[in-house]
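Single-letter residue listing:
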Amino acid sequence: MSAFNEVPRARKGVLRHQAHRYGESERGVPLEFYGPDTGPVKVLVMASMHGDECDSTVALSEALRRVPAEALANPVILAVNPDGVLQGTRCNANGVDLNRNWPAANWSPEPVRYKDHGHTVQDIELSTGSAAGSEAETRHLLALVERLQPHAIVSLHTPLGCIDDPDDSELGRWIAAETALPLVPDVGYATPGSFGSWCAEKNIPIVTWELPTEPLPAVIDSHVPVLMKLITGTHPVGTG
Ligand SMILES: [Zn+2]
């Protein structure tokens, strides 16, 4: 709960935290996280499970770079799907939507369809994987979650502009209040094989933080201070 001194502006341009490798992507890119590498931890904070939502990576990196190493209390993953970030795709390098690849009971081999910004019909097809948990990014993150034993997980996406928390938890309500985003119990459509489905089966509370469709500088202004409280563990609510 202690306060910390923010990294001076002159030094915040460089990511100085030590990276811990937890595996490799399908294309051999390191999968990395920052912060404590033993569990249990309070909150695991992650971004860019969808590679075309990389504003989430930039915002989370900004928060991380403003925090001194000794104040970083919770583990941070800047890009769950680095291949997707590098290719600018929602899916990973195998064309799989990683948020439909999790070995939850509701995983489905049916292709998932999404819509791009400005469209109303979900008509773009992606694979959910050759099997549940088929993708390296899924398997390695699953092992990391089991190793770090987070009391809660916060996963950043864009651009729905809401806080999705099926548990209506204290943590979700706090993020919604801090960001002035609406708190919702679901995103309005079924998500078989999603990370959230798997977390629910494992009794791990998960809050999906959907950044709004605002220019990135505005998102940074309004959301990075909240992210900093979260990754330093200085947010005022318990997490399990
Ligand atoms: Zn997403």
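Residue numbers restart at each chain and count upward from 1, following the sequence in its written direction. Residue-level local features of this predicted model are given only where pLDDT is at least 70; pairs of side-chain atoms are given and counted only at 80 or more, and the full residue set underlies all totals for whole chains, interfaces and linings. In computing side-chain values, all of the structure's heavy atoms are included and hydrogens and water are not.

Student: Just checking my understanding: could you explain the state of the cysteines for this structure?
Tutor: The bond known as a disulfide is covalent and runs between the sulfur atoms of two cysteines. The disulfide criterion is simple: two cysteine sulfur atoms within 2.5 Å. Tallied over the entire structure, the rule returns zero disulfides. Cysteine Cys 91 remains unbridged, with the sulfur of Cys 54 as its closest cysteine sulfur at 14 Å.

Student: Honestly, the environment of Leu 15 in this entry has me stumped. Any pointers?
Tutor: Helix and strand labels come from DSSP, where a helix needs a run of H or I of at least four residues and a strand needs a run of E of at least two; each type is numbered from the N terminus. As for its position among the elements, Leu 15 is in the segment before strand S1 (19–24). With 42 residues separating them in the primary sequence, Leu 15 and Thr 57 have C-alpha atoms 13 Å apart.

Student: How should I be thinking about the environment of Ala 73 in this particular structure?
Tutor: Tracing the chain through its elements places Ala 73 in the loop between helix H1 (55–65) and strand S4 (76–77). Accessibility here uses a 1.4 Å probe with only protein chains present; expressed as a share of the type maximum, an area under 20% marks a residue as buried, one over 50% as exposed, and anything in between as partly exposed. Ala 73 gets classed as partly exposed once you look at its relative accessible area, which sits at 38%. Placed 160 residues apart in sequence, Ala 73 and Gly 233 show a C-alpha to C-alpha distance of 5.7 Å. Any pair of residues with heavy atoms lying within 4.5 Å of one another is described as a contacting pair. Apart from residues lying up to four places away in sequence, Ala 73 is in contact with Pro 36, Ile 231, Thr 232 and Gly 233.

Student: What should I look at first to understand the side chain of Glu 53 in this one?
Tutor: Position of Glu 53 among the secondary structure elements: in the loop between strand S3 (43–47) and H1. With relative accessibility at 6%, the residue Glu 53 sits in the buried group. Whenever a nitrogen or oxygen atom comes within 3.5 Å of another N or O atom, the pair is scored as a polar contact, on the condition that within protein one atom can donate a hydrogen and the other can accept it, and that pairs from neighbouring residues in sequence are kept only if both atoms are in side chains. Among the polar contacts made by the side chain of Glu 53, one reaches the side chain of His 157 at a distance of 3.0 Å. With residues near it in sequence (within four places) discarded, Glu 53 still touches Ser 48, Arg 90, His 157 and Thr 158.

Student: What should I look at first to understand the coordination of the zinc ion in this one?
Tutor: Under perfect tetrahedral coordination by four donors, a metal shows angles of 109.5 degrees; under perfect octahedral coordination by six donors, it shows angles of 90 or 180 degrees. Donor selection uses N, O and S atoms within 2.8 Å of the metal (3.2 Å for Na, K and Ca). Since no water is included, sites may look incomplete. Those donors, His 50 (ND1), Glu 53 (OE), Glu 53 (OE) and His 157 (ND1), are the protein atoms that reach the zinc ion, and they lie 2.1 to 2.4 Å from it. Square planar and octahedral assignments, for four and six donors respectively, both demand that opposite donors be over 155 degrees apart and that all other angles lie between 65 and 115; tetrahedral needs four donors with all angles between 85 and 135 degrees, and anything else is irregular. Its four donor atoms give the zinc ion angles of 56 to 143° at the centre, a pattern that matches the irregular case. Within one chain, the residues donating to the zinc ion are spaced in sequence as H-x2-E-x103-H. With a gap of 104 residues between them, Glu 53 in the loop between S3 and H1 and His 157 in strand S7 (residues 152–157) connect regions that are remote in the sequence. Each member of the pair Glu 53 and His 157 is classed as buried.

Student: Can you help me understand the pairing of S3 in this one?
Tutor: Sheet faces and side chains relate simply in a regular strand, where the side chains alternate between the two faces. Burial analysis of S3 places five of its five residues in the buried class, which makes it a mostly covered element. Of the two faces of S3, both are covered, the one formed by Val 43, Val 45 and Ala 47 as well as the one formed by Leu 44 and Met 46. Strand pairing is defined by DSSP finding a minimum of two bridges between the two strands. The pairing of S3 with S7 spans five bridges and is parallel. Bridging across to S7, Ala 47 finds its partner in Leu 156. In terms of strand pairing, S3 meets S4 through two bridges, oriented parallel.

Student: Can you walk me through the pairing of strand S10 (residues 206–210) in this structure?
Tutor: When you tally the buried positions in S10, you get five out of five residues, the bulk of the element. With burial as the criterion, each face of S10 is covered, one bearing Ile 206, Thr 208 and Glu 210 and the other bearing Val 207 and Trp 209. Note: S7 against S10, five bridges, orientation parallel. In the strand pairing of S10, Val 154 is matched with Val 207. Pairing between strand S8 (residues 162–164) and S10: three bridges, direction antiparallel. Note on S10: the bridge partner recorded for Ile 163 is Trp 209.

Student: Just to check I follow, could you spell out the pattern of salt bridges for this structure?
Tutor: When the charged atoms of two side chains with opposite charge come close together, those side chains can pair. A pairing counts as a salt bridge when a side-chain nitrogen of Lys or Arg comes within 4 Å of a carboxyl oxygen of Asp or Glu. Per the stated rule, a full pass over the model turns up nine salt bridges. Between Glu 53 and Arg 90 there is a salt bridge, with its nearest N and O atoms 3.3 Å apart. In this pair, Glu 53 sits in the loop between S3 and H1 while Arg 90 sits in the loop between helix H2 (82–87) and strand S5 (112–114), placing the two residues 37 residues apart along the sequence. With relative accessibility at 12%, the residue Arg 90 sits in the buried group. The salt bridge involving Arg 113 is made with Glu 125; its shortest N-O contact spans 3.0 Å. With Arg 113 in strand S5 and Glu 125 in strand S6 (residues 124–126), the pair connects residues that are twelve residues apart, well separated along the chain. Here the residues in one salt-bridge network are Lys 12, Glu 62, Arg 65 and Arg 66, joined through shared partners.

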